Amino acid sequence: MKRISILGSTGSIGASTLDIVSRFPERFEVVGLAAGGNIDLLKQQVKRFRPKYVSVSEESAALSLKGLGCKVMHGIEGAIIVATAPEADMVGSAIVGAAGLVPTVAAIKAKKEIALANKETLVMAGELVMKEASDAGVKILPVDSEHSAIFQSIVGHNRNEINRLILTASGGPFLNYPVEKLAEVTPAGALNHPNWQMGKKITVDSASLMNKGLEVIEARWLFDIPTERIDVHIHPQSIIHSMVEYIDGSVIAQMGVPDMRIPIAYALSYPERLPIPLPPLNLLEIEKLTFMKPDHERFPCLNLAYEALKAGGTMTAVLNAANEIAVDAFLNDRIKFPGIPSLIEEVISSHKNGPASHVDDILRADLWARGKAKELIERGNS
Ligand SMILES: NC(=O)c1ccc[n+]([C@@H]2O[C@H](COP(=O)([O-])OP(=O)(O)OC[C@H]3O[C@@H](n4cnc5c(N)ncnc54)[C@H](OP(=O)(O)O)[C@@H]3O)[C@@H](O)[C@H]2O)c1
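Here's what I pulled together on the structure shown here. (Residues numbered from 1 in each chain as written. Predicted model: local features only at pLDDT ≥ 70, side-chain atom pairs only at ≥ 80, totals over all residues. Heavy atoms only, no water.)

**As for the site of the ligand**
- Around the ligand, a shell composed of 24 residues is seen, among which Thr-10, Gly-37, Glu-120, Asp-144 and Gly-199 lie nearest.
- For the ligand, an oxygen atom lies 2.8 Å from a polar atom in the backbone of Gly-37.
- Val-96 places a main-chain nitrogen or oxygen 3.3 Å from an oxygen atom of the ligand.
- The fraction of the free accessible surface of the ligand (900 Å²) that becomes covered by protein chains is 82%. (Near = heavy atom within 4 Å. Polar contact = N/O pair within 3.5 Å; in protein donor to acceptor, adjacent residues only side chain to side chain. Areas by Shrake-Rupley, 256 points an atom, 1.4 Å probe, with all protein chains shown as cover.)

**Quick look at the sheet that holds strand β10 (residues 240–246)**
- Spatial ordering of the open sheet is given by β9-β8-β10-β11, a layout of 4 strands whose pairing is mixed. In this open sheet, the two edge strands, each paired with only one partner strand, are β9 (230–234) and β11 (251–255). On average, each strand axis in the sheet is inclined to that of its neighbour by 20°, with strand direction left out of account.
- In terms of strand pairing, strand β8 (residues 162–169) meets β10 through 5 bridges, oriented antiparallel. Paired with Ile-166 across the strands is Met-243, a residue of β10. (Pairing = 2+ DSSP bridges. Helix = DSSP H or I, 4+ residues; strand = E, 2+ residues; numbered from the N terminus. Axes fitted to C-alpha atoms, helices over the stretch in contact; angles between N-to-C directions.)

**Observations regarding the pattern of salt bridges**
- Scanning the model with the defined rule gives 25 salt bridges in all.
- Between Arg-261 and Asp-19 there is a salt bridge; the shortest N-O distance is 3.2 Å. Of the two residues, Arg-261 is situated in helix α11 (residues 261–269) and Asp-19 in helix α1 (residues 12–23); the sequence distance between them amounts to 242 residues.
- In this structure, Arg-164 engages Glu-245 in a salt bridge whose closest nitrogen and oxygen atoms are separated by 2.9 Å. With Arg-164 in strand β8 and Glu-245 in strand β10, this residue pair connects regions lying 81 residues apart in the sequence.
- For Glu-245, a relative accessible area of 16% corresponds to the buried category.
- Each of Lys-119, Asp-144, Glu-146, Lys-212 and Glu-215 takes part in one network of salt bridges that share partners. (Salt bridge = Lys/Arg side-chain N within 4 Å of Asp/Glu carboxyl O. Buried < 20%, exposed > 50% of the residue type's maximum accessible area, 1.4 Å probe, protein only.)

Below you can see the structure in the form of structure tokens.
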């Protein structure tokens, strides 16, 4: 029996994680749930999974959960208590954005195994987080489908023999849009992902290719591979989830239907595999798997992420924060879609980079970048 706390239980990954948990009651038990403001769904989850600890963002929302037989908390402190619950063996880290960092680090320090969906944790603080995990002797198991694919393609192989990681990207809904049409795209258009059902932020990130940039940074730290040996291929069918090229020229890829329950289940049950009732991958029906280079002129976010990663220090935290503000502004019709990369570029180019030796350095840089991005939006710069 593995006992699990889930951070971000009401989100797309959180709900899929609970779906896997519910299918294998003899294997998994829920100890804690942390969410933001979707109290109706959280209440249903509490009634069904009977966690001991529950946390929400706001105190007022916490009050409405009283009487359900669990300890109810709120705010970052509440999420930390859920993440470090003494009964938990594993923490599913699936809060969206920078809010996931501190509770995930707390879970690592408390020696919890981590099923990591919150890529922003490694984007902001990859070097530091991997060191914390190594010091604590904690496994970080990837949930992101690309990183799960790489992880599955590495298991049983010698890491010193890896030549290159190849992350695949669907290309998002605007893959074939001409550059001049990108200024006209709407939030609804950006949220209409061709292959995956996901939360709003990651769906917009997929449309701008920033998601792939964030994943390059995530892969850099998770697999300890130098940036110049991480490539991106556009693969619109989203069947090959990523690949590893070895020094002898062999390339090992992981394939599957695009359903996040596959990588979630693998992270939860590693090294075992669980029988998940999904339609099998039918390559005869799909017929063609195609690949192309990313177009950096139309989708500058990917290169911005590579640049931030090469700069190191607090730059990737600044990139992440500027992106979060830009995506939010785009979703609220305050900036146009091409304004996302231009806003991020402006914020990172005015950042005085410094070492990311402590979580506080990273949180300070994050706060600065949010302020700067908001100021630029107010001035109408994007
Ligand atoms: N969705 C995917 O297929 C996918 C694939 C790979 C990686 N990921 C990564 O997984 C993470 C989650 O993505 P998602 O698509 O599941 O996002 P989502 O559907 O938007 O869900 C986000 C979750 O985070 C919670 N949350 C937000 N702010 C919070 C805070 N301050 N404190 C506590 N909880 C908070 C939300 O709570 P409320 O809804 O209750 O407000 C919700 O449960 C992201 O880092 C994303 O990049 C997602």
